[in-house]
Amino acid sequence: MTDAYTRAVNTGLTKTLAKKLGLPRPALLRRYKPGAPLTVGPVLVVSDDASKADADTLARTLLGWDLDVRRDAADDARWGAVVLVLTETARPEDASGAVLAVGPALKRLAPSGRVVTVSRALTPADGPELAAVRSGVDGFLRSVAKELRAGATGNGVVLTDGVGVDHLSVQATLRFFLSAKSAYVDGQMLPVGPADVAGEPDWERPLAGKVAVVTGAARGIGAAIAKTLARDGATVVCVDVPAAGDGLARTANQVRGTALQLDVTAADAGTRIIEHARQRHGRLDIVVHNAGITRDKLLANMDAARWDSVVAVNVASQLRINAQLLEAAERGDVAGLRIVSLASTSGIAGNRGQTNYAFTKAGVVGHTAATGPLLAATGGTANAVAPGFIETDMTKHIPFATRQVARRLSSLLQGGEPVDVAEAIAFLASPAAVGVNGQTLRVCGQNMVGR
Ligand code: NAD
């Protein structure tokens, strides 16, 4: 649910009052609805001279998605999105024409509009000038995202290892950033590698025929993930502890999936997940490690029970289950496995009172980077999503004032919804996203903490 303040400054008298008083006005974000247009208006594609061929290719891709694509920044349009292509820019001076063309277009960017940069990753072989421009795009994009208003976001697709702009994973990432599915993803640069995509993407039901397991699915973000994966066509196995049996049954019924009562810290949790998925549904394609707990205390007051339980649930269980999944992949029992784990911005930036939680969530970022390459051999990927402040039962218990501050300290001036995290996970689990591997994608509205 959108928080009460955000609702108030967007409705009736309180909206007028907030305007008069100059209060911060978080926008009502546009979220995905089946059948709704991909963007809210025409898409402007701009590039420097050197990147023009790539911009042409991307423009053709966008036209293929039935978008109204324009190449002239002077057009008097209410832009739905601006795509800035800087893939072949060689020197910092060469970016100015394209970047300065984007500036005026931002004044006509529609609410919940999008700015997406497409650039290349820094490599050890880059000379100083190329390195400067490639790194420069990162600083540029993160700053543009902070300048956007009215629910608009800025994100970047970063091509690695000689990947071309026509690669399906590049297209899938661009599409995700343009769409309403990335409503709460802001200020993020996502690297895309060269792995082969099997078949043509089905943009409407990308997970049709897949079997997915979601842990911690009884409520909150886990329940939203189960629903979103089911919407995208997956059959979903919902996992949670026996004590959460009612919520678990509810989610499993809603998604017409199956329920598996299981504590993820059990020694045989991975094996039981694989057996359940294969016996009941014939296969296993996606595992989402969402189950997680907080036991906050300053380190000075930390006890073993708090520290050890958080380590056991948030990271040790994922490692043990992944080891069992990797063994199954080696045996050929599963193939092309997609693992997506829940990290947290607390693990990236650190958070007072959360040494235990941040230790485990940073651990998730680390093991994800290490596991991705291990799964790539069998066509799989491992990625993580790091939510910022999301409106759930977990965050409902944060004291009122801290909660208000946490919400407003992001470029979008509000907390995210469970579905925002779920959309990012559905994207990372989709066949066309196979080029995204070992990464952690923040879903935090460009939370002002950390990188
Ligand atoms: P939540 O507390 O609402 O739900 C967590 C679910 O996990 C519950 O249903 C719980 O029963 C289940 N669970 C806990 N321990 C388990 C175990 N041992 N085995 C199986 N299931 C278990 O939490 P949420 O807010 O929905 O968070 C979901 C995930 O997102 C967590 O990993 C959390 O750390 C992460 N996250 C949340 C936020 C946020 O703002 N809410 C921010 C960053 C990260």
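Since the structure is predicted, the reported quantities are computational estimates derived from the model, not experimental observations.

Once that is clear, we can look at the site of the ligand. Not every one of the 28 residues close to the ligand is listed here, only the nearest: Arg219, Asp240, Asn290, Tyr357 and Thr392. The side chain of Lys361 places a nitrogen or oxygen atom 3.0 Å from an oxygen atom of the ligand. Between an oxygen atom of the ligand and a side-chain N or O atom of Thr392, the distance comes to 2.7 Å. At the level of secondary structure, the elements contributing two or more residues to the shell around the ligand comprise helix H7 (220-231), helix H12 (355-376) and helix H13 (393-396). Within the shell around the ligand, the residues separate by chemical class into 16 nonpolar, eight polar and four charged.

Once that is clear, we can look at the packing of aromatic side chains. According to the stated counting rule, one finds four aromatic pairs in the structure shown. Between Trp65 and Trp203, the ring centres sit 5.6 Å apart and the planes meet at 75°, which makes this aromatic pair edge-to-face. A residue pair is termed long-range when its members are at least 10 positions apart, and Trp65 in the loop between helix H3 (52-64) and strand E2 (69-70) and Trp203 in the loop between strand E6 (189-192) and strand E7 (211-215) qualify at 138 residues. Pairing Phe176 with Phe177 gives two aromatic rings, centres 5.8 Å apart and planes at 45°, and the pair type is tilted. Look at Phe176 and you get buried, because its relative accessible area is 4%.

Moving on: a nonpolar patch on the surface. A contiguous nonpolar surface patch, about 290 Å² in accessible area, is contributed by Leu17, Leu21 and Leu23. Counting through the fold element by element, Leu17 comes out in helix H2 (residues 12-21). For Leu17, a relative accessible area of 48% puts it in the partly exposed group.

It is worth spelling out the UniProt feature "domain: Ketoreductase" (unreviewed entry) in the chain at this point. Within the UniProt annotation, "domain: Ketoreductase" (unreviewed entry) is assigned to residues 210-393. The annotated region residues 210-393 carries 49% helix and 17% strand content, and the separation between its end C-alpha atoms amounts to 29 Å.

So, about the pairing of E7. Among the five residues in E7, five count as buried, and that is most of the element. Of the two faces of E7, the one carrying Val211, Val213 and Thr215 and the one carrying Ala212 and Val214 are both buried. Relative to strand E8 (residues 235-240), E7 is paired through five bridges, and the arrangement is parallel. By the bridge assignment, Ala212 is partnered in E8 with Val236. Crossover handedness for the path E7 to H7 to E8: right-handed. With three bridges joining them, E7 and strand E10 (residues 286-289) adopt parallel strand pairing. Following the sheet pairing, Ala212 is matched in E10 by Ile286.

Let us look at the sheet that holds E7. One open sheet accounts for seven strands, arranged E9-E8-E7-E10-E11-E12-E13; its pairing is parallel. Because the sheet does not close on itself, it has two edges, and the strands there are strand E9 (258-261) and strand E13 (440-443). Taken over all neighbouring pairs, the strand axes of this sheet differ in orientation by 20° on average, direction set aside. Against the sheet, helix H15 (residues 418-429) makes contact with E10, strand E11 (338-342), strand E12 (381-387) and E13, and its axis sits at roughly 165° relative to E12, the strand it touches most.

Moving on: the environment of Val313. Structurally, Val313 can be placed in helix H10 (residues 304-331). Here Val313 falls in the buried class, since its relative accessible area comes to 16%. Linking Val313 and Thr360, residues 47 residues apart in sequence, is a C-alpha distance of 9.0 Å.

In helix packing, the relevant descriptors are the interaxial angle and the interaxial distance, both defined with respect to the helix axes. Following both chains from N to C, one finds H10 and H12 inclined at 10°, their axes separated by 9 Å at the closest point. As the angle between them shows, H10 and H12 are arranged roughly parallel. When H10 is examined against H12, the residues Arg306, Trp307, Val310, Val311, Asn314, Val315, Gln318, Leu319, Asn322 and Leu326 are found in contact with a partner set consisting of Thr355, Asn356, Tyr357, Phe359, Thr360, Lys361, Gly363, Val364, His367, Thr371, Leu374 and Leu375. Classifying every residue of the contact of H10 with H12 gives 11 nonpolar, nine polar and two charged.

Another point: helix H6 (residues 168-178). Counting buried residues along H6, 11 of its 11 residues qualify, which places the element largely inside the surrounding structure. Turning to H6, its buried residues number three or more, namely Leu168, Ser169, Val170, Gln171, Ala172, Thr173, Leu174, Arg175, Phe176, Phe177 and Leu178.

On to helix H5 (residues 128-147), then. Along its 20 residues, H5 runs 28 Å from first to last C-alpha, staying within 8% of the 28 Å computed at 1.5 Å per residue. Listed as buried for H5 are Val133, Arg134, Val137, Leu141, Val144 and Ala145. Packed against the buried residues of H5 are helix H4 (96-106), strand E4 (109-120), strand E5 (153-159) and E6.

One can find Ala349 in helix H11 (residues 345-349). Along the chain, Ala349 and Ala362 lie 13 residues apart, while their C-alpha atoms are 9.2 Å from each other.

Moving on: the sheet that holds strand E1 (residues 43-47). The parallel open sheet is built from six strands, whose spatial order is E2-E1-E3-E4-E5-E6. At either end of the open sheet lies a strand with only one pairing partner, and these are E2 and E6. Pairing geometry for E5 and E6, over four bridges, is parallel. Across the sheet, Val157 pairs through a bridge with Leu190, a residue of E6. Running at roughly 165° to E1, H3 makes contact with E1, E2, strand E3 (79-85) and E4 of the sheet. Across the sheet, H6 lies against E3, E4, E5 and E6, angled at about 175° from E5, the strand it touches most.

Next up on the list: the pairing of E10. Burial along E10 is two-sided: Ile286 and Val288 facing one way and Val287 and His289 facing the other are all buried. Pairing geometry for E10 and E11, over four bridges, is parallel. Bridging from a neighbouring strand, Ile286 pairs with Arg338 of E11. Crossover E10 to E11 through H10 is right-handed.

What counts and how
- Residues numbered from 1 in each chain as written.
- Predicted model: local features only at pLDDT ≥ 70, side-chain atom pairs only at ≥ 80, totals over all residues.
- Heavy atoms only, no water.
- Near = heavy atom within 4 Å.
- Polar contact = N/O pair within 3.5 Å; in protein donor to acceptor, adjacent residues only side chain to side chain.
- Helix = DSSP H or I, 4+ residues; strand = E, 2+ residues; numbered from the N terminus.
- Nonpolar A, V, L, I, M, F, W, Y, C, P; charged D, E, K, R; others polar.
- Phe/Tyr/Trp six-rings, centres within 6.5 Å; stacked < 30°, edge-to-face > 60°.
- Buried < 20%, exposed > 50% of the residue type's maximum accessible area, 1.4 Å probe, protein only.
- Patch = residues over 30% accessible without salt bridge, like charges linked within 9 Å, V, L, I, M, F, W, Y side chains within 5 Å.
- Areas by Shrake-Rupley, 256 points an atom, 1.4 Å probe, with all protein chains shown as cover.
- Salt bridge = Lys/Arg side-chain N within 4 Å of Asp/Glu carboxyl O.
- UniProt positions renumbered as here; feature names shortened; annotations may be inferred.
- Pairing = 2+ DSSP bridges.
- Right-handed = clockwise from strand over helix to strand, strands pointing away.
- Axes fitted to C-alpha atoms, helices over the stretch in contact; angles between N-to-C directions.
- Contact = heavy atoms within 4.5 Å.
- Parallel < 35°, antiparallel > 145°, perpendicular 65-115°, else oblique.
- Expected span 1.5 Å × (residues − 1).

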